[in-house]
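What follows is the residue order along each chain.
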Amino acid sequence: MHIETLSSSHKPSMRSLVEAIHVEQGLLPQFYWPKDLLGAEMAAAEAIGVFEDAELVGFVLYRELPQAWEISLVACHPQFRRRGYMEMLFEHLVAAKGQERELWLEVHEENVPAQKLYEKLGFKEVRRRPRYYMDGATAILYTRS
Ligand SMILES: CC(C)(COP(=O)(O)OP(=O)(O)OC[C@H]1O[C@@H](n2cnc3c(N)ncnc32)[C@H](O)[C@@H]1OP(=O)(O)O)[C@@H](O)C(=O)NCCC(=O)NCCS
């Protein structure tokens, strides 16, 4: 396993990984990235990824805001879950970026695996946005300072 900063050459692998999650869980609002939205986010955001040999198995997209790094996408391939890879990736991100600014992210209220991951990493819930997702669900906002 190793962690790398991702570049535009990794975009096809990022798209495939997102597609594998869509296939696994259907197009749930908890994690639904239509191609155009994903393309726009990959163009605007920075990315780091975790690899098993040469295969990209998880990645995080994040953007620089004036006061914070906003994490916009968190994805681990279904076949590589519960190996601690995303925890390691986040720890790498926190060490690299978390000293200068807070980290912010939001999560669907029913996405328990993601909430557990963020809570284990020391993220704290700061507020909720009702009816934020297309299914009417609430977004939970977390920060880590
Ligand atoms: C959420 C997600 C990124 C977690 O990835 P992962 O590789 O399984 O995470 P890790 O193996 O690093 O898990 C670290 C910790 O997170 C928590 N966690 C992860 N998955 C969990 C689950 N299904 N149930 C409970 N806790 C979970 C645990 O505390 C875990 O530590 P432990 O295994 O020692 O108990 C992954 O499930 C995923 O890609 N889901 C689909 C996309 C998604 O929903 N992204 C987030 C949108 S906001």
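About the criteria used
- Residues numbered from 1 in each chain as written.
- Predicted model: local features only at pLDDT ≥ 70, side-chain atom pairs only at ≥ 80, totals over all residues.
- Near = placed C-beta within 6 Å.
- Helix = DSSP H or I, 4+ residues; strand = E, 2+ residues; numbered from the N terminus.
- Nonpolar A, V, L, I, M, F, W, Y, C, P; charged D, E, K, R; others polar.
- Core = buried A, V, L, I, M, F, W, Y, C linked by C-beta atoms within 7 Å.
- Buried ≥ 20, exposed ≤ 12 C-beta atoms within 10 Å, placed from the backbone.
- Contact = placed C-beta atoms within 7 Å.
- Expected span 1.5 Å × (residues − 1).
- Arc of directions from axis to C-beta.
- Pairing = 2+ DSSP bridges.
- Axes fitted to C-alpha atoms, helices over the stretch in contact; angles between N-to-C directions.

K.L.:
Go over the site of the ligand with me, naming the residues and quoting the values.
P.N.:
In the vicinity of the ligand, 21 residues are found, and the nearest of them are Arg81, Met86, Pro113, Lys116 and Leu117. Within the residue set of the shell around the ligand, elements represented by two or more residues are strand E4 (68-76), helix H3 (85-97) and helix H4 (112-120). Ranked by residues supplied to the shell around the ligand, first place goes to H4 with five residues. Across the shell around the ligand, the residue classes break down as 11 nonpolar, four polar and six charged.

K.L.:
Can you lay out the nonpolar core for me, pointing to particular residues and giving the numbers?
P.N.:
Counting residues in hydrophobic clusters, the biggest one holds 33 residues, and the most contacted among them are Phe59, Val60, Ile71, Leu89 and Leu105. Sorting the residues of this core by element identifies helix H1 (11-25), strand E2 (46-52), strand E3 (55-64), E4, H3, strand E5 (102-108), H4 and strand E7 (139-144) as the ones contributing at least two each. Top element by residues in this core is E3. It accounts for six residues. Setting aside its immediate chain neighbours within four residues, Val60 contacts Ala47, Ile48, Ile71, Leu73, Val74, Leu89 and Leu93.

K.L.:
If you had to explain H3 to someone new, which residues and values would you point to?
P.N.:
The first and last C-alpha atoms of H3 sit 18 Å apart over 13 residues, in line with the 18 Å expected at 1.5 Å per residue. Looking at H3, one finds that the buried residues are Tyr85, Met86, Leu89, Phe90 and Leu93. Buried positions in H3, seen along its axis, are confined to an arc of 130 degrees and lie on one side of it. The elements touched by buried residues of H3 are strand E1 (2-5), E2, E3, E4 and H4.

K.L.:
For the environment of Val18, give the residues involved together with the corresponding values.
P.N.:
Relative to the assigned elements, Val18 resides in helix H1. On the basis of neighbour counts, which here come to 21 C-beta atoms within 10 Å, the residue Val18 falls in the buried class. Through-space distance from the C-alpha of Val18 to that of Leu73 is 9.7 Å; in sequence the pair is 55 residues apart. Not counting residues up to four positions away in its chain, the partners in contact with Val18 are Trp33, Leu38 and Ala75.

K.L.:
Please set out the pairing of strand E6 (residues 124-129) residue by residue, giving values where relevant.
P.N.:
Of all the six residues making up E6, zero are buried; the element is thus mostly uncovered. Sheet topology places E6 next to E7; five bridges connect them, and they run antiparallel. Paired with Lys124 across the two strands is Thr143, which belongs to E7.

K.L.:
So what's going on with the sheet that holds E5? Which residues, and what values?
P.N.:
If you trace the seven strands from one edge of the open sheet to the other, you get E1-E2-E3-E4-E5-E7-E6, paired in mixed fashion. The strands lining the two open edges of the sheet, one partner per strand, are E1 and E6. Averaged over all adjacent pairs, the angle separating strand axes in this sheet is 25 degrees, with direction ignored. As paired strands, E3 and E4 are joined by seven bridges and run antiparallel to one another. Paired with Val60 across the bridge in E4 is Val74. Together, E1, E2, E3, E4, E5 and E7 form the strand contacts of H3, whose direction differs from that of E3 by roughly 35 degrees.

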